[in-house]
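As a plain string of letters, each chain reads:
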Amino acid sequence: MPKKKNITKKTTKNPKKPQAVKEELLLQPPRGMRDILPADQVYWQQIRRLSEKAAADFGYRRIDIPLVEFTNIFSRSIGEGTDIIDKEMYSFSTKGGEKVSLRPEFTAGIARSYIQHGMNVSPKPVKLYYSGPCYRYDRPQEGRFREFFQFGCEALGEQDPVLDAQMIQMGWRVIYQLGIRSVRVSVNSIGCPACRKSYRSLLVHYFESKKQKLCIDCKKRLEKNPLRILDCKEDKCVQVRASAPQSIDHLCEECRVHFKELLEYLEELEIPFDLDSNLVRGLDYYTKTVFEFLTVSEGGGDAKKNALGGGGRYDGLVKMLGGESTPAVGFSLGMDRLAVEMKKLGARQYKEPKPRVFLAQLGVFAKKKSLRMFEALERSGIRVAESFGRGSLKSQLKVADRLGVEITLIIGQKEALDETVIVKDMASGNQEIIDAGKVVDEVKRRLKKIGH
Ligand code: AMP
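Parameters at a glance
Residues numbered from 1 in each chain as written. Predicted model: local features only at pLDDT ≥ 70, side-chain atom pairs only at ≥ 80, totals over all residues. Heavy atoms only, no water. Helix = DSSP H or I, 4+ residues; strand = E, 2+ residues; numbered from the N terminus. Rg over C-alpha atoms; globule rule 2.2 N^0.38 Å. Buried < 20%, exposed > 50% of the residue type's maximum accessible area, 1.4 Å probe, protein only. Contact = heavy atoms within 4.5 Å. Areas by Shrake-Rupley, 256 points an atom, 1.4 Å probe, with all protein chains shown as cover. Phe/Tyr/Trp six-rings, centres within 6.5 Å; stacked < 30°, edge-to-face > 60°. 1 Å grid on protein atoms, 1.4 Å probe; cavity = no way out; pocket = protein on both sides within 12 Å on 5 of 7 lines; lining within 4 Å. Points joined across faces, edges and corners; volume = space filled by probe spheres on them. Nonpolar A, V, L, I, M, F, W, Y, C, P; charged D, E, K, R; others polar. Near = heavy atom within 4 Å. Polar contact = N/O pair within 3.5 Å; in protein donor to acceptor, adjacent residues only side chain to side chain. Salt bridge = Lys/Arg side-chain N within 4 Å of Asp/Glu carboxyl O.

(A) Region of the structure containing the overall build of the chain. Each helix and strand in the chain was counted, giving 16 helices and 16 strands. In summary, the chain has a C-alpha radius of gyration of 30 Å against a globular reference of 22 Å for 452 residues, an excess of more than 25%. Overall size of the chain, expressed as C-alpha extent along the three principal axes, is 95 × 90 × 55 Å. Buried residues in the chain amount to 47% of all 452 residues. Look at the contacts in the chain between residues 6 or more apart in sequence, and 70% of them connect residues 24 or more apart. In the structure as shown, the chain presents an accessible area of about 25400 Å², 52% of it carried by carbon and sulfur atoms.

(B) Just the packing of aromatic side chains, in detail. Tallied over the full model, the rule gives 13 aromatic pairs. Plain terms: the ring middles of Trp172 and Tyr176 are 4.9 Å apart, the flat faces sit at 20 degrees to each other, and that makes the pair stacked. Here Tyr176 and Trp172 lie together in helix H6 (residues 161–177), a separation of four residues that amounts to about one turn. The class of Trp172 is buried, set by a relative accessible area of 17%. Overall, Tyr176 belongs to the partly exposed group, its relative accessible area being 33%. Between the aromatic rings of Phe293 and Phe331, the centroid separation amounts to 6.3 Å while the plane-to-plane angle is 75 degrees, which identifies the pairing as edge-to-face. Taken together, the residues Phe293 in strand E9 (residues 287–299) and Phe331 in strand E11 (residues 328–334) connect sequence positions 38 residues apart.

(C) Representation of empty space enclosed by the protein within the structure. Throughout the structure, instances matching the rule amount to one cavity of 30 Å³ or more. Taken together, Ile190, Gly191, Cys195, Arg196, Tyr199, Ser247, His250 and Leu251 form the lining of the largest cavity. Within the lining of the largest cavity, the residues separate by chemical class into four nonpolar, three polar and one charged.

(D) Highlighting the site of the ligand. Looking at the ligand, there are 13 residues lining it, with Arg136, Phe145, Arg281, Ala307 and Gly309 nearest. Within the backbone of Ala307, an N or O atom sits 3.0 Å from an oxygen atom of the ligand. Between an oxygen atom of the ligand and a main-chain N or O atom of Gly334, the distance comes to 3.5 Å. Considered on its own, the ligand offers 470 Å² of accessible surface; in the complex 90% of this is hidden by protein. Every element with two or more residues in the shell around the ligand is listed here: strand E6 (147–156), strand E10 (302–313) and E11. Per-element accounting of the shell around the ligand gives the leading share, three residues, to E10. Its residues assigned to classes, the shell around the ligand shows four nonpolar, five polar and four charged.

(E) Up close: the pattern of salt bridges. All chains considered together, the criterion is met by 32 salt bridges. With its nearest N and O atoms 2.7 Å apart, the salt bridge here joins Arg173 to Asp57. Residue Arg173 is found in helix H6, and its partner Asp57 is found in helix H2 (residues 38–57); the two are separated by 116 residues along the sequence. On the basis of relative accessible area, Arg173 is assigned to the partly exposed category, the value being 23%. Residue Glu419 is joined to Lys369 by a salt bridge in which the shortest nitrogen-to-oxygen separation is 3.4 Å. Residue Glu419 is found in the loop between helix H15 (413–418) and strand E15 (420–425), and its partner Lys369 is found in helix H13 (residues 364–379); the two are separated by 50 residues along the sequence. Relative accessible area serves as the criterion here: at 46%, Glu419 is assigned to the partly exposed category. Through salt bridges with shared partners, a single network forms among Asp83, Lys87, Arg221, Arg228 and Asp231.

On their own, these measurements won't tell you what the molecule is for.
See below:
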C-alpha cells in the first residue's frame, strides 16, 4: 500500500521554522470585564453628572492620574498582607523592566501626585476629585468586577473631623440624589498608630486564644493583619469575633475626641449612621475614621448588605510615601454598583436634551449646504437632528415627526441654489422661505416664542 502523504506537513515551507499557531479569537473581553453599552449609559451619565456636581459644589477640583503606577506605590500604601496586594493586583514588567501595576484604587496614586507636584505648598486642604477604572483580580460575581469604576474625593492637609463628616455628607448626597434611598452609613474608628498598637496586641491575644476556631485565612491574618479578622465573612470567624475587643473602647484621647466630634456632625446633618466595630476597611493606610455606604436589599429571606462606597482618614499615607506629614481623608463610590442599584430600583435616568429642530435636505448640493447649516445651528447652541444618510424627503420628515421637533428646516435643490431655506412650523404646518443667512436668528426667535 502506498504511503499516505501528510498534506498538512507538506504546506510547511521551512520545516525548521515553527508555524505560528493561530489562536482562537474570543469575541469577548477577559473575565470580570464588560462593555457598558449606550442603553446603560443613561445611568452612568446620571452618576457622572451628579457626582461631579457634588464635587464642584464642595470645592473639589478634578485630577487625572495614570492607570499604571510603579507597583511599590501600591504595596507600600495599601500594605503587604492585604488581599489587594497579595492576590488581586494586575502587575507586570514593562519591556524596559519596570515593575508596574494597574491601579486597584486611586488614593495611593493621588498621594504620590500630591508629593511629586509639591501640593503641600497650596492652600489647605487640597481638595481633589477623580473618576475612572480600577482593576482587581478578584473572583467576579454580582456587583464585583475585575474592571470597575470609581468616583471619589480626597482632601489633603486638614485634620479636623468636620472634613470626615463632609466626605460622608458628599457621598451620601450623591447616592441619595441618584434615587437610592435605602442607604445607611457604617462608621468606626480604628485609631492612630499609637492607640492601634495596643489595641492590636489585645486583639491578637484574644484571637490567639480562639485560634482553633478561625478559618485558614484568618489564622494567617493573625500574624500579618489581625484587624482583617474582624471583617471576615466566614461563619465561624463571625462567631469568634462577636466578643472580640472593640477598637472604639481603646482609642487614645485625641482619637476619641475626633470620633466623638465626627458623630456629632453626622447627627447635625441627620445622616443615618450605624456604629460598626467590625468595620476596618482592610487597607494599611487608614487611621481614625473609616466608613462605608451600604444598601440593604432583601433577597430570599436574608438581607444582603451591598457596599456602594467607602472611605476614611489616612493621616500617615503621604509621609509613608516620603512626603511631609499630611493628615488626609477621602472616599470613593463604586460607579458600577450605583448603576446596578439604580437599574434595580428603576431610578431616574439621564435624559439627553431633546433636539428642537430637524434639518432635511434633498440632493447632493443641498446636502453640502446642510452640513454647514448644521454646524452654524449647533454653534449657536441650537440642538439639531438630521438624517443626512436618507435620500427621500418623505422618510426624513418621518424621522422629524418621530423626534417631535418644533421646527423643520428643508434645503432642496432650488433652495441650495437660491441660498434660502424652507422653515416649517411643525405645530401649524405653515411653511416660509427665508434667506439662509438669517436662519439661525429666525430659528432662535421662533424657539424663544414657543418657549419650553
Ligand atoms: P473599597 O475601597 O475597596 O471599599 O472600594 C470602594 C467601593 O468601590 C466599594 O464600596 C465598591 O462599591 C466599589 N468596588 C470595589 N471593588 C469592586 C469590584 N471588584 N467591583 C465593583 N465595584 C467595586
